[in-house]
Amino acid sequence: MTKRVNYEDNIFFLDLILKQIKSASKLNMDAEVFYEKIIGDINFLSGTVEKIFISLKMNTQLINRLDYLKNLQKFNGQFIQFLEDTISEELPFFHHMKGHFEEFKSIKENRLQEITEIKEIIIGSLASKEEMEQIVSEEEFKYLLSNEEGES
């Protein structure tokens with residue numbers, strides 16, 4: 001049985017989780033209580049976005065693939081900005097998490113690499129789409145030649 005993946009909803013849910021973490025990070029929460037939850041959510045986002053990207057990369061025949069890739073690219077951009085704000089300690093809660101900054105930098109680099117790959121896929125897909133539109137089918141070619149021969 002084929003498994004149906006709803007990429008749009010999955011990416012939307014990731015976006016909601018990121019927004020929730022961003023909002024929570026502005027609060028003056030007790031780090032001892034919420035520390036592991038926030039770290040877990042960041043790692044969850046990183047792992048899940050990577051799984052979705054791998055699935056999209058492999059599923060080249062998916063109808064709305066480019067749209068999903070663009071949504072994933074946008075999410076990655078927002079996630080990277082959040083990680084940069086975290087590492088630079090612009091968010092009050094994250095001064096407690098300095099021990100994870102190297103891990104966050106690694107996650108950020110992985111997301112940047114993913115954005116680069118997404119851009120390459122989108123450009124490649126658009127280029128091959130243009131090539132496909134410009135190809136003259138064998139029947140069209142025969143028809144064109146037969147019309148030219150008939151005019152001579």
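Refer to the structure presented above.
What counts and how
- Note on numbering: residues in each chain are counted from 1, in written sequence order.
- For this predicted model, a pLDDT threshold of at least 70 governs which residues receive local features, and a threshold of 80 or more governs which side-chain atom pairs are given and counted, while totals over whole chains, interfaces and linings are taken from all residues.
- In computing side-chain properties, one takes all heavy atoms of the structure into account and sets aside hydrogens as well as water.
- Only DSSP runs of H or I with at least four residues qualify as helices, and only runs of E with at least two residues qualify as strands; both kinds are numbered from the N terminus onward.
- Only protein chains enter the accessibility calculation, which uses a 1.4 Å probe; a residue whose area is less than 20% of its type maximum is buried, one above 50% is exposed, and one in between is partly exposed.
- Residues count as neighbours in contact if any of their non-hydrogen atoms are within 4.5 Å of one another.
- Residues form patches when they are more than 30% accessible in relative terms and have no salt bridge. Like charges link within 9 Å. Nonpolar side chains (Val, Leu, Ile, Met, Phe, Trp, Tyr) link within 5 Å.
- Computed by Shrake-Rupley with a 1.4 Å probe, the accessible areas treat only the displayed protein chains as cover when residues are assessed.
- Salt-bridge detection follows one rule: a side-chain nitrogen of Lys or Arg within 4 Å of a carboxyl oxygen of Asp or Glu.
- Here, expected helix span is obtained from the residue count minus one, scaled by 1.5 Å.
- Residues belong to one nonpolar core when they are buried, are Ala, Val, Leu, Ile, Met, Phe, Trp, Tyr or Cys, and are joined through side-chain atoms within 4.5 Å.
- Two aromatic rings from Phe, Tyr or Trp, using only the six-membered ring of Trp, form a pair when their centres are within 6.5 Å; if the ring planes differ by under 30 degrees the pair is stacked, by over 60 it is edge-to-face, and anything between is tilted.
- Lines fitted to the C-alpha atoms define the axes, with helices restricted to the stretch that makes contact. Angles between their N-to-C directions range from 0 to 180 degrees.
- Roughly parallel means an angle under 35 degrees; roughly antiparallel means over 145; roughly perpendicular covers 65 to 115; every other angle is labelled oblique.
- Should the near helix be turned anticlockwise from the far one by less than a right angle, the crossing is left-handed, and should it be turned clockwise, the crossing is right-handed.

## Considering the overall build of the protein
Thought 1: For the protein, the count of helices and strands is five helices and zero strands.
Thought 2: Taken from N to C terminus, the helices and strands of the protein fall in the order α-α-α-α-α.
Thought 3: Looking at the protein residue by residue over its 152 residues, the buried ones come to 35%.
Thought 4: Long-range pairs, those at least 24 residues apart, make up 77% of the contacts in the protein with a sequence separation of at least 6.

## Quick look at a nonpolar patch on the surface
Thought 1: A cluster of nonpolar side chains, namely F12, F13 and L16, defines an oily patch on the protein surface of about 320 Å² accessible area.
Thought 2: Note on placement: F13 falls in helix α1 (residues 7-25).
Thought 3: Using a relative accessible area of 49% as the deciding quantity, one classes F13 as partly exposed.

## Description of α1
Thought 1: For α1, built from 19 residues, the straight-helix expectation of 27 Å at 1.5 Å per residue is met to within 8% by its first-to-last C-alpha distance of 27 Å.
Thought 2: Where α1 is concerned, the buried positions are Y7, I11, L14, D15, I17, L18, I21, A24 and S25.
Thought 3: Contact partners of the buried residues in α1: α2 (31-58) and α3 (65-87).

## A word on the nonpolar core
Nonpolar side chains in soluble globular proteins tend to be buried together.
Thought 1: Membership of the largest hydrophobic core comes to 35 residues, with the highest contact counts inside it found for I42, F79, F94 and F104.
Thought 2: Counting only elements with at least two residues in this core, the list comes to α1, α2, α3 and α4 (101-134).
Thought 3: Beyond its immediate chain neighbours, meaning those up to four positions away, F79 contacts L18, I42, L45, S46, I107 and R111.

## Considerations on α2
Thought 1: End to end, α2 covers 40 Å across 28 residues, agreeing with the expected 40 Å (1.5 Å per residue, within 8%).
Thought 2: When α2 is considered as a whole, its buried residues turn out to be A31, I38, I39, D41, I42, L45, S46, T48, V49, I52, F53 and L56.

## Let's talk about the packing of aromatic side chains
Thought 1: Under the defined criterion, the tally for this structure stands at three aromatic pairs.
Thought 2: Plain terms: the ring middles of Y7 and Y68 are 5.5 Å apart, the flat faces sit at 35° to each other, and that makes the pair tilted. Taken together, the positions of Y7 in helix α1 and Y68 in helix α3 put the pair 61 residues apart, joining distant regions of the chain.
Thought 3: According to the relative accessible area criterion, Y7 is buried, its value standing at 3%.
Thought 4: Under the relative-accessibility criterion, Y68 is labelled buried at 14%.

## Describing the packing of α1 against α2
Thought 1: Contact pair α1 / α2: the axes reach a minimum separation of 11 Å and the direction vectors enclose 160°. Classed by the angle they form, the pair α1 and α2 counts as roughly antiparallel. As for how α1 packs across α2, the hand of that crossing is left-handed. Taken together, the residues of α2 that come into contact with α1 (itself represented by Y7, N10, I11, L14, I17, L18 and I21) are I38, D41, I42, F44, L45, T48, V49, I52, S55 and L56.

## Some remarks on the pattern of salt bridges
Thought 1: Summed over all chains, the structure comprises six salt bridges.
Thought 2: Of the charged contacts, one joins K57 and E117 as a salt bridge, the two residues approaching to 3.0 Å between their closest N and O atoms. On the criterion of sequence distance, the pair formed by K57 in helix α2 and E117 in helix α4 is long-range, its members being 60 residues apart.
Thought 3: Exposure remark for K57: the relative accessible area of 35% places this residue in the partly exposed category.
Thought 4: You can call E117 partly exposed: its relative accessible area is 21%.
Thought 5: Note that K108 is salt-bridged to E84, the shortest N-O span being 3.5 Å. Highlighted residues: K108 in helix α4 and E84 in helix α3, separated in sequence by 24 residues.
Thought 6: Judged by its relative accessible area of 18%, K108 is buried.

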